[in-house]
Amino acid sequence: METKITTIDEYINGFPNEVQEHLRQIRETIKNVAPQAKEKISYGMPTFYLNGNLIHFAGYKNHIGLYPAPQGIEAFKDELSIYKGAKGSVQFPLNKPMPLNLIAKITKFRVKAALEKSM
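Calculation notes
Residues numbered from 1 in each chain as written. Predicted model: local features only at pLDDT ≥ 70, side-chain atom pairs only at ≥ 80, totals over all residues. Heavy atoms only, no water. Axes fitted to C-alpha atoms, helices over the stretch in contact; angles between N-to-C directions. Helix = DSSP H or I, 4+ residues; strand = E, 2+ residues; numbered from the N terminus. Parallel < 35°, antiparallel > 145°, perpendicular 65-115°, else oblique. Left-handed = near helix turned anticlockwise from the far one by under 90°. Contact = heavy atoms within 4.5 Å. Nonpolar A, V, L, I, M, F, W, Y, C, P; charged D, E, K, R; others polar. Expected span 1.5 Å × (residues − 1). Buried < 20%, exposed > 50% of the residue type's maximum accessible area, 1.4 Å probe, protein only. Salt bridge = Lys/Arg side-chain N within 4 Å of Asp/Glu carboxyl O. Phe/Tyr/Trp six-rings, centres within 6.5 Å; stacked < 30°, edge-to-face > 60°.

A. Quick peek at the packing of helix α2 (residues 17-33) against helix α5 (residues 100-117). Two elements in contact, α2 and α5, have axes whose closest approach is 9 Å; the angle formed by their N-to-C orientations is 40°. Considered as vectors, α2 and α5 are oriented oblique to each other. The handedness of the crossing between α2 and α5 comes out as right-handed. Contact with α2, carried on its side by Q25, I26, T29, I30 and V33, involves L100, I103, A104, T107 and K108 of α5 and no other residues of that element. Looking at the contact of α2 with α5 residue by residue, the classes come out as 6 nonpolar, 3 polar and 1 charged.

B. Looking closely at α2. If you check α2, its first and last C-alpha atoms are 25 Å apart, about what 17 residues at 1.5 Å a residue would give, namely 24 Å. Those residues of α2 that sit buried are V19, Q20, H22, L23, I26, R27, T29, I30 and V33. Along its buried surface, α2 packs onto α1 (8-13), β1 (38-42), β2 (45-49), β3 (53-59), β4 (63-67) and α5.

C. Focus on the pattern of salt bridges. Under the defined criterion, the tally for this structure stands at 6 salt bridges. Close ionic contact of E74 with K77 constitutes a salt bridge, the shortest N to O distance being 3.0 Å. Owing to a relative accessible area of 47%, E74 belongs among the partly exposed residues under this scheme. For K112, the salt bridge identified is with E116, shortest N-O distance 2.8 Å. Pair noted here: K112 and E116 are both in helix α5, with a separation of 4 residues, about one helical turn. On the basis of relative accessible area, K112 is assigned to the exposed category, the value being 52%.

D. Focus on the packing of aromatic side chains. All chains considered together, the criterion is met by 3 aromatic pairs. The interplanar angle of 50° and the centroid separation of 5.1 Å between the aromatic rings of Y11 and F15 together place this pair among those described as tilted. We classify F15 as buried; its relative accessible area is 18%.

E. Geometry of unusual backbone geometry. In this structure, N51 takes a positive phi of about 55° despite not being glycine. As for its placement among the helices and strands, N51 is situated in the loop between β2 and β3. Classification of N51 by relative accessible area gives partly exposed; the value is 33%. Positive phi values are uncommon outside glycine, yet A69 reaches one of about 75°. Looking at the secondary structure, you find A69 in helix α3 (residues 69-75). Taking relative accessible area as the criterion, A69 reaches 22% and is therefore assigned partly exposed.

Quick look at the structure:
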């Protein structure tokens, strides 16, 4: 029987130490930019929620996936062009430093959109 992960801590602790470090850095970056957002697991991934899903992230064997919705990708497409990605996601390779400043900028953009949505 598979145990369902219910917290971001449980999720992160399920990865090797080097991946855990990247996941913790991303979590802290998002928390610092969006302290009002609630943490939860959604779609099996760590998720920050603010008037809807704000941003998700997930660990994989060779990369960290960041899911800031298509608007978050589109707004930063030039800066994200060096990474693999799709309409609503980007992959940050584990063998490179995490672009925490860029993640913070994307999160700020998503927070602004979430707060405008609530008006």
